[in-house]
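An overview of the molecular structure
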Amino acid sequence: MKALFAPARTESGGTLAVEELSVHFGGVCAVRSISFSVAPGDSVGVIGANGAGKTSTLKALTGLVPRSGGRVTLGERDLTMVRARDMVRHGIGYVPEGRHVFPGLPVEKNLLLGAYARRWDAETRATLEEVYELFPVLREMSGRLAGALSGGQQQMLAIGRALMTRPRVLLLDEPSMGLSPILVGFILDNLRRLREEGLSLLLVEQNAKLTFGATSHCLVMENGGVAMTGTSEELSRDARVRQIYLGL
Ligand code: ATP
């Protein structure tokens, strides 16, 4: 199969490193000094129960919520002070929880909005083609309003829109939420494909099975902190993880 999104990968952005990141909401500590990294081409998962601090970690990483401490770097570049809206220019693509597509705009307009930070040029057109190749249903539906798409199709649209920025690292918050098992399998196949092509992924999920299948390493978050880390294979064999997160 033809490799998609290859040009972005050749200009490697270096390792995404998060050091001692903390988030407080008033008196509540949502994230307690956590550190992790995503090497180029690596795929890292963050699993944890409701309220463990996964979304706060992603939002603090991108600057969408204020950090009470910590540092974010991509390769040599310090992104700690970069505003959320400028993260995309530094190669950080973000697929938010709940998709947040623009329901009143056609599918293709939604995708092109993902490329707002770039000039409309041959590369943008080529990236759009690559997104359509990855998710053929989006091409079929390109003129339809995004609000008319099913939940699974909207999730593909949200991922496609983030890919339009040609990210060096793609952050995904609960892409499986609300999807049927068949669509979760489809999303998993596509995350694996992006990973095989060398795109760096940081996947935040409650669905541990999906996460272990799509990533090489994982963190298990509990009460805002990192409770365990390991390869996804090791963790998927761990008795405690199997009981709590896989229900086995
Ligand atoms: P979920 O899987 O439900 O999204 P999560 O692991 O992503 O859970 P967070 O959403 O990061 O967890 O929440 C971590 C903690 O921070 C929770 O106690 C939550 O109630 C609290 N919290 C999150 N956002 C806010 C906010 N804007 N204001 C106050 N407290 C918040």
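Residues numbered from 1 in each chain as written. Predicted model: local features only at pLDDT ≥ 70, side-chain atom pairs only at ≥ 80, totals over all residues. Heavy atoms only, no water.

**Examining the side chain of Ser 43**
Position of Ser 43 among the secondary structure elements: in strand S3 (residues 43-48). A polar contact is formed between the side chain of Ser 43 and the backbone oxygen of Ala 214, at a distance of 2.8 Å. Sequence-distant contacts of Ser 43, defined by excluding residues within four places in its chain, comprise Arg 195, Leu 201, Ala 214, Thr 215, Ser 216 and His 217. (Helix = DSSP H or I, 4+ residues; strand = E, 2+ residues; numbered from the N terminus. Polar contact = N/O pair within 3.5 Å; in protein donor to acceptor, adjacent residues only side chain to side chain. Contact = heavy atoms within 4.5 Å.)

**Here's the deal with the sheet that holds strand S6 (residues 92-95)**
The strand order S6-S7-S8-S3-S9-S10 describes an open sheet built from six strands, whose pairing is mixed. In this open sheet, the two strands that pair with only one neighbour each are S6 and strand S10 (225-231). With direction set aside, neighbouring strand axes in the sheet form an average angle of 15 degrees. Strand direction decides the pairing type here: S6 and strand S7 (residues 169-173), joined by four bridges, are parallel. Looking at the pairing, Val 95 lines up with Leu 172 of S7. Across the sheet, helix H7 (residues 181-196) is in contact with S3, S7 and strand S8 (200-205); its angle to S8 comes to roughly 150 degrees. (Pairing = 2+ DSSP bridges. Axes fitted to C-alpha atoms, helices over the stretch in contact; angles between N-to-C directions.)

**Some details on the packing of aromatic side chains**
According to the stated counting rule, one finds one aromatic pair in the structure shown. Both rings, one in Phe 135 and one in Phe 186, keep their centres 6.4 Å apart while their planes meet at 55 degrees; by these two values the pair is tilted. Of the two residues, Phe 135 sits in the loop between helix H4 (122-134) and helix H5 (136-140) while Phe 186 sits in helix H7, which places them 51 residues apart along the sequence. Residue classification places Phe 135 among the buried residues on the basis of a relative accessible area of 1%. By relative accessible area, Phe 186 is classed as partly exposed at 30%. (Phe/Tyr/Trp six-rings, centres within 6.5 Å; stacked < 30°, edge-to-face > 60°. Buried < 20%, exposed > 50% of the residue type's maximum accessible area, 1.4 Å probe, protein only.)

**Quick notes on the environment of Gly 198**
Along the polypeptide, Gly 198 turns up in the loop between H7 and S8. Taking the C-alpha atoms as reference, Gly 198 lies 9.4 Å from Arg 168; in sequence the two are 30 residues apart.

**Thoughts on the sheet that holds strand S4 (residues 69-74)**
In any sheet, the strands associate via hydrogen bonds between backbone groups, in a parallel or an antiparallel arrangement. Spatial strand order, S2-S1-S4-S5: four strands in an open sheet with antiparallel pairing. One side of each edge strand has no neighbouring strand; the edge strands of this open sheet are strand S2 (28-38) and strand S5 (77-78). Judged from the two bridges that link them, S4 and S5 form a sheet pairing that is antiparallel. Opposite Thr 73, over in S5, you have Asp 78 as the bridge partner. Across the sheet, helix H2 (residues 54-62) is in contact with strand S1 (16-25), S2 and S4; its angle to S1 comes to roughly 115 degrees.

**Description of the site of the ligand**
In the region of the ligand, 13 residues are neighbours, and Asn 50, Gly 51, Lys 54, Thr 55 and Ser 56 sit closest. Between the ligand and Asn 50 there is a distance of 2.3 Å, counted from an oxygen atom to a side-chain nitrogen or oxygen. A distance of 3.0 Å is found between an oxygen atom of the ligand and a backbone nitrogen or oxygen belonging to Ala 52. In the complex, 61% of the free accessible area of the ligand, which totals 630 Å², lies under the protein chains. The biggest single contributor to the shell around the ligand is H2, with three residues. The class makeup of the residues in the shell around the ligand is four nonpolar, six polar and three charged. (Near = heavy atom within 4 Å. Areas by Shrake-Rupley, 256 points an atom, 1.4 Å probe, with all protein chains shown as cover. Nonpolar A, V, L, I, M, F, W, Y, C, P; charged D, E, K, R; others polar.)

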